[in-house]
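# Observations on the model geometry
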Amino acid sequence: RSAGIGPVGQATLFAALRANTVLCTLDLGSVGEIGRNLIGMEGCGACGEMLAKNTTLSALTLSSNRISAEGATVIAEGLRSNVALRTLDLSDNHLKDAGVKEITRVEDVEEGQKNEKEAQVGARLLKSLNLAKNGVTDRGFGYV
């Protein structure tokens, strides 16, 4: 936590985790301003790519990384095909309603396009999703 890891560092870490078969929990959250981790769009993109491929990570904390709605959209793309993640902490970011909508959106499955197992992945498998302190209104929480 609060290691001062920036976008390039987080992108590098996420790239390495694509083929991870050991690590189950990753906490890149920040507390306070000193040593704050900042994921940036580069890190969000790498996180999304990692989530799409990683089959081991079950808990990911990205609290206080100043993730925007746009960053959440990129992360959500990977989340939709992830089969392992059960806990996601995106608290204290800048998701707003639009980011929450993307994180919780479940892709429509066209008949015959995906098998039953593939249709049951992503946001539907999350058991815990922390969205506190994201400037979300009642409308945004209606997406959850």
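Just above sits the structure.
Scope of this entry: the structure provided in the associated data block. Computed from a predicted structure; not experimentally measured.

## Some points on the environment of Leu 126
Mapped onto the elements, Leu 126 comes out in the loop between α4 (96-104) and β4 (128-130). For the pair Leu 126 and Ala 84, spaced 42 residues apart in sequence, the C-alpha to C-alpha distance is 8.8 Å. The residues touching Leu 126, leaving out its near neighbours within four places in the chain, are Leu 79, Leu 85, Arg 86, Thr 87 and Leu 88.

## Structural notes on the environment of Ala 16
As for its position among the elements, Ala 16 is in helix α1 (residues 7-17). Through-space distance from the C-alpha of Ala 16 to that of Ala 46 is 9.8 Å; in sequence the pair is 30 residues apart.

## Some remarks on helix α2 (residues 40-53)
Under the 1.5 Å per step criterion, the end-to-end length of α2 is 20 Å for 14 residues, consistent within 8% with the ideal 20 Å. Buried positions along α2 lie against α1, β2 (59-61) and α3 (69-79).

## Overview of α1
Because each turn of an α-helix spans 3.6 residues, side chains separated by three or four positions end up pointing in the same direction. Turning to α1, its buried residues are Gln 10, Ala 11, Phe 14 and Leu 17. Each buried residue of α1 sits inside an arc of 125° when the element is viewed along its axis, so together they form one side. Of the exposed residues in α1, the ones pointing more than 90 degrees away from its buried face are Val 8, Thr 12 and Ala 16. Contact partners of the buried residues in α1: β1 (25-27), α2 and β2.

## Notes on the packing of α1 against α2
At a minimum axis separation of 8 Å, α1 and α2 run at an interaxial angle of 10°. On the basis of their axis angle, the class for α1 and α2 is roughly parallel. Contact residues: Pro 7, Val 8, Ala 11, Phe 14 and Leu 17 in α1; Gly 40, Glu 42, Gly 43, Ala 46, Cys 47 and Met 50 in α2.

## Section: unusual backbone geometry
Despite not being glycine, Asp 92 has its phi angle at roughly 55°, a positive value. Within the fold, Asp 92 resides in the loop between β3 (87-89) and α4. The class for Asp 92 is partly exposed, based on a relative accessible area of 32%.

What counts and what doesn't
For every chain, the first residue of the written sequence is number 1, and numbering continues from 1 along that sequence. In keeping with the model being predicted, local features are shown solely for residues with a pLDDT of at least 70 and side-chain atom pairs are shown and tallied solely at 80 or more, while totals for entire chains, interfaces and linings include all residues. Side-chain figures throughout are based on the complete set of non-hydrogen atoms in the structure, without hydrogens or water. Starting at the N terminus, helices and strands are each numbered in turn, a helix being any DSSP run of H or I of at least four residues and a strand any DSSP run of E of at least two. By the convention used here, residues are in contact when the closest approach between their heavy atoms is within 4.5 Å. The span expected for a helix works out to 1.5 Å for each residue beyond the first. The classification of residues rests on relative accessible area computed with a 1.4 Å probe and restricted to protein chains. Under 20% of the type maximum is buried, over 50% is exposed, and intermediate values are partly exposed. Taken from the helix axis, the directions to the C-beta atoms give the arc we talk about. All axes are obtained by fitting lines to C-alpha atoms, using only the stretch in contact for helices, and the reported angles, taken between N-to-C directions, cover 0 to 180 degrees. Each angle is binned into one of four classes, with values under 35 degrees roughly parallel, values over 145 roughly antiparallel, values of 65 to 115 roughly perpendicular, and all other values oblique.

This is a description of form; function is not addressed.
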